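Fold and geometry: a report
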Amino acid sequence: MHAAARFFPGAPRRRTTILRIQNYLADTAHCHSPSGGQGTNTAMQDAFNLAWKLVLVLRQKASASLLDSYEVERMPVVAEMLNLSTALHEKAFRHGQEIEVGKQEDGVQPDPMLRSNKLLQLGVNYRWSNIILDERKAKEGTTEKNPYGTLDLQVSAGDRAPFIGGLVTGEETTDLFTLLREASSHLVLVFPSSKSSIGIEGIGPIQKLVDAGLVDVYAIIDEPSTASLHGLKYLLDVDRGARNAYAADNRTAYVTIRPDGIIGAYAFGIEGIAEYFRHLGVMI
């Protein structure tokens, strides 16, 4: 039995299945040791992950099957959280016992409060999810589950969207998180190549979603003359911070960011983005 169970009866545990909508509302009640301080962040991410999916389903904009992805995405993260918090709990109490009986090696007492950067949860991801699309990844095989992530240098679909500041729109400066708060639902960032001509007609396959208020689309450009936009809203990325953060090279890239701040899709054509929304069960 885990050491945590001696102080938190029945712990650690998580819900193992979700059958009805009302069950979702209690699913943040994972029972575990407070060691590592993972509870609040985990509960908030549970809520963020579920909220936008419920909105789409309850508004009849997406199939109810979208709710199945909540369990697919969050359960591996919660399982890893339980493993980490339990290990920290056991380490702390084992440390206390060793001090009591004088077993510390070399007279040096290890710090039981030492924490890995993984506990910041900045690397939490859903790369393996069945609703994530990344055209840069091999289509064969499955993506290995590493729920707490490794903070790779190159972001992938399923990762937390990197912060972008200094985006100029008109006479104002904004940032990615502000855009997400103001977005109607999903945010699609288009990184046109220097020779691209992208405009309203270039997003035809998802135009219905834009008209329905389910998607906001912005072209991210280095300078106003970079591409012919034909009426498409744009954000000026003067220092190329956005292009570098999203590894958008010389190919036109389309990056979809979900309402919970996760990259849902990374594609090289608007059809890839349309396919992502079809994975969600959204009618296009």
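Preceding block: the structure.
What you see is a predicted model, and the numbers here were worked out from it, not measured in a lab.

Scanning the model with the defined rule gives nine salt bridges in all. Note that Glu-73 is salt-bridged to Lys-53, the shortest N-O span being 2.9 Å. Of this pair, Glu-73 sits in helix 3 (residues 68-101) while Lys-53 sits in helix 2 (residues 39-58), and the two are 20 residues apart along the sequence. If you follow the salt bridges from partner to partner, you end up with Lys-53, Glu-73, Arg-258 and Asp-260 in one network.

Moving on, we come to the pairing of strand 8 (residues 263-267). For a regular strand, the rule is simple: side chains alternate between the two faces of the sheet. Judged by how many residues are buried, strand 8 sits mostly within the fold: five of five residues are covered. Two elements, strand 1 (residues 133-134) and strand 8, share two bridges in a ladder whose sense is parallel. Across the sheet, the residue bridging to Asp-134 is Tyr-266, located in strand 8. By the bridge criterion, four bridges tie strand 7 (residues 253-257) to strand 8 in an arrangement that is antiparallel. Each bridged residue has a counterpart across the sheet, and for Tyr-254 the counterpart in strand 8 is Ala-267. Between the end of strand 7 and the start of strand 8, which pair antiparallel, lie five residues, with Gly-261 showing a positive phi angle near 85°.

Take the environment of Ala-245 next. Inspection of the secondary structure puts Ala-245 in helix 6 (residues 241-245). In the structure, Ala-245 is positioned 82 residues away from Phe-163 in sequence and 8.3 Å away in space, judged by C-alpha atoms. Setting aside chain neighbours within four positions, we find Ala-245 in contact with Val-155 and Pro-162.

Parameters at a glance
- Residues numbered from 1 in each chain as written.
- Predicted model: local features only at pLDDT ≥ 70, side-chain atom pairs only at ≥ 80, totals over all residues.
- Heavy atoms only, no water.
- Salt bridge = Lys/Arg side-chain N within 4 Å of Asp/Glu carboxyl O.
- Helix = DSSP H or I, 4+ residues; strand = E, 2+ residues; numbered from the N terminus.
- Buried < 20%, exposed > 50% of the residue type's maximum accessible area, 1.4 Å probe, protein only.
- Pairing = 2+ DSSP bridges.
- Contact = heavy atoms within 4.5 Å.

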